[in-house]
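# Fold and contact review
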Amino acid sequence: MSTVKVGLRCDAGPRRGVGHLVRCLALAEEFLARGADVTVFGTVERLDWATAELAARGIPLLPGPDSAADLVDAARRHELDVLVLDSYDLDPAGAGALRAAGVYTVAIIDGDSRGQVADLYLDQNFGAELPGLPGRLLAGSGYALLRDSVINARPPVAPPATEVSRPRVLAFFGGTDAVGAAPVLTRVLVAAGHPMDLTVIVGRPEIEAEIEDVTPGRGQIIRPVPPTTSLPALITEADLVVSAAGTSTWELCCLGAPSALVCVVDNQRESYTRVVRHGLAAGLGELPELTAGGVAGRAARATAARTLHGLLSAPQRRATLAARAWSTVDGQGRARVVDAVFDAVRVAATR
């Protein structure tokens with residue numbers, strides 16, 4: 001088979017976050033490892049580390065077409081064999097137009113196909129199901145898209161229970177923390193009342209300013225740090241990770257991190273509920289509940305603080321979460337996805 005030309009259409013920035021770009025980057029790494037030619041189409045706003053990640057891999061970043069006609073035009077101009085669409089904002093008609101133009105089309109979705117007519121659908125969320133789609137569906141965390149840096153940091157076994165007097169806690173909420181979760185959860189962690197060495201990833205200067213206003217309790221240290229490419233190492237070094245229930249959930253599982261998740265946006269709710277129900281992570285509730293005023297808000301924050309205190313004081317509980325998470329996501333999801341794409345392209349080439 002001649003060199004396969006692959007395009008990935010996604011955007012990232014302070015409003016959109018970086019989840020779409022991160023999972024497209026994971027797919028790009030796998031396609032590159034298989035000898036494909038890869039181009040990313042989209043906008044990456046005010047994220048120097050993200051554009052550096054693309055540049056380091058030699059992946060061109062070109063402006064992202066939005067309309068169906070422009071997507072087809074870009075695919076033809078760049079002679080693409082495959083175009084991966086990972087966006088909630090694109091015209092849903094784009095997938096069908098690409099498919100009609102003979103471009104193998106992959107739609108990455110999160111529980112909602114948005115009416116896209118694609119050749120292949122990918123929903124990497126735990127327990128995902130979406131019957132009745134016109135194309136093939138790859139569903140579940142067995143198809144989780146993880147970057148090289150995560151796969152290479154995966155421990156050979158799930159981390160054992162470790163007793164520590166001051167647990168190392170890592171808190172991060174996406175590459176930009178678009179919803180401002182870090183200050184809220186930092187205050188809840190402090191309210192847990194347990195000694196800890198807390199590192200908080202701050203995606204924006206205004207977030208850092210809020211974190212610095214939080215007064216740690218007895219035996220607590222709070223250390224804000226900017227986004228870093230060393231995140232997988234920070235995750236594996238932590239005794240507990242507090243994070244949003246987005247695409248990073250699968251990174252945490254793959255790395256066997258004992259985690260407590262918060263649902264920060266509506267489209268995370270279904271996956272968050274499943275993950276917590278199956279014991280892959282502890283649940284801290286939904287961000288609007290934790291930021292609410294009055295009695296309801298105080299009750300939600302107190303419940304989350306109790307959950308965190310229980311985790312910080314119980315190494316066996318943390319180890320149980322880590323073991324379930326580690327065994328659920330094996331790091332081979334992107335290879336399975338690219339296998340499916342290449343098989344389909346190969347069959348189409350022989351027709």
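Here is a short report on the structure shown in this document. Since the model is a prediction, treat every value here as computed from it, not as a measurement.

## Quick notes on the overall build of the protein chain
A tally of regular secondary structure across the protein chain gives 14 helices and 13 strands. In terms of overall size, the protein chain behaves like a compact globule, its C-alpha atoms giving a radius of gyration of 21 Å where 351 residues would be expected to give roughly 20 Å. Dimensions of the protein chain along its principal axes, counting C-alpha atoms only, are 70 × 40 × 40 Å. Considering the protein chain as a whole, with its 351 residues, one finds that 54% of them fall into the buried category. Surface accessibility of the protein chain: about 14,600 Å² in total, with carbon and sulfur atoms responsible for 51%. Of the side chains in the protein chain, 34 bear a positive and 39 a negative charge, and the two mean positions are spaced by 5 Å.

## Some words on the packing of helix α3 (residues 68–77) against helix α4 (residues 93–100)
Taken N-terminus to C-terminus, the directions of α3 and α4 make an angle of 40°; their axes are 8 Å apart at the nearest point. Here α4 runs oblique to α3, going by the angle between their axes. In this structure, α3 crosses over α4, and the sense of that crossing is right-handed. On α4, the residues touching Ala68, Leu71, Val72 and Ala75 of α3 are Ala93, Gly94, Ala97 and Leu98. Grouping the amino acids of the contact of α3 with α4 by side-chain chemistry returns seven nonpolar, one polar and no charged.

## Examining the side chain of Thr199
By the element assignment, Thr199 lies in strand β9 (residues 196–201). The exposure class assigned to Thr199 is buried, which follows from its relative accessible area of 13%. In terms of polar contacts, Thr199 uses its side chain to reach the side chain of Arg223, at 3.1 Å. When near neighbours in sequence (up to four residues on either side) are disregarded, Thr199 contacts Val169, Leu170, Ala171, Arg223 and Val225.

## Here's the deal with the pairing of strand β6 (residues 120–123)
The two faces of a sheet get side chains in turn, since along a regular strand they alternate between them. Where burial is concerned, the two faces of β6 agree: the one with Leu120 and Leu122 and the one with Tyr121 and Asp123 are both buried. When strand β5 (residues 104–108) meets β6, the two strands line up parallel, connected through three bridges. Across the sheet, Ala107 pairs through a bridge with Tyr121, a residue of β6. Sheet analysis places β6 next to strand β7 (residues 136–139), joined by four bridges and oriented parallel. Paired with Asp123 across the strands is Ala139, a residue of β7.

## Things to note about the packing of aromatic side chains
For the structure shown, the criterion picks out one aromatic pair. Ring geometry for Phe31 against Phe342: centres 5.8 Å apart, planes inclined by 50°, an arrangement best described as tilted. With Phe31 in helix α1 (residues 19–33) and Phe342 in helix α14 (residues 333–350), this pair connects stretches of sequence that are 311 residues apart. An identical accessibility class is assigned to Phe31 and Phe342; each is buried.

## A word on the sheet that holds β7
A sheet is described by the order of its strands in space; here seven strands give the open sequence β3-β2-β1-β4-β5-β6-β7, paired in parallel fashion. In the strand order of this sheet, the two ends are held by β3 (61–62) and β7, each with one partner. Relative to strand β2 (residues 37–41), strand β1 (residues 5–9) runs parallel, the two being bridged by five bridges. From the neighbouring strand, Leu8 faces β2, where its bridge partner is Val40. Helix-sheet contacts for α14 involve β4 (82–85), β5, β6 and β7, and the interaxial angle to β5 is about 155°.

## Side note on the pattern of salt bridges
This structure, assessed with the given rule, holds 23 salt bridges. With a closest N to O distance of 3.1 Å, Asp11 and Arg9 form a salt bridge. For Asp11, a relative accessible area of 6% puts it in the buried group. Residue Arg9 is classed as buried on the basis of its relative accessible area, which comes to 1%. With a shortest N-O distance of 3.1 Å, Asp343 and Arg346 are connected by a salt bridge. Residue Asp343 and its partner Arg346 are both found in helix α14; the two are separated by three residues, about one turn of the helix. Residue class for Arg346 comes out partly exposed when judged on its relative accessible area of 41%. Salt bridges here are not isolated pairs; linked through shared partners, they connect Glu29, Glu30, Arg34, Glu53, Arg57, Asp148, Arg334 and Asp339.

Definitions and limits used
- Residues numbered from 1 in each chain as written.
- Predicted model: local features only at pLDDT ≥ 70, side-chain atom pairs only at ≥ 80, totals over all residues.
- Heavy atoms only, no water.
- Helix = DSSP H or I, 4+ residues; strand = E, 2+ residues; numbered from the N terminus.
- Rg over C-alpha atoms; globule rule 2.2 N^0.38 Å.
- Buried < 20%, exposed > 50% of the residue type's maximum accessible area, 1.4 Å probe, protein only.
- Areas by Shrake-Rupley, 256 points an atom, 1.4 Å probe, with all protein chains shown as cover.
- Lys, Arg positive; Asp, Glu negative; His and termini not counted.
- Charge placed at Lys NZ, Arg CZ, Asp CG, Glu CD.
- Axes fitted to C-alpha atoms, helices over the stretch in contact; angles between N-to-C directions.
- Parallel < 35°, antiparallel > 145°, perpendicular 65-115°, else oblique.
- Left-handed = near helix turned anticlockwise from the far one by under 90°.
- Contact = heavy atoms within 4.5 Å.
- Nonpolar A, V, L, I, M, F, W, Y, C, P; charged D, E, K, R; others polar.
- Polar contact = N/O pair within 3.5 Å; in protein donor to acceptor, adjacent residues only side chain to side chain.
- Pairing = 2+ DSSP bridges.
- Phe/Tyr/Trp six-rings, centres within 6.5 Å; stacked < 30°, edge-to-face > 60°.
- Salt bridge = Lys/Arg side-chain N within 4 Å of Asp/Glu carboxyl O.

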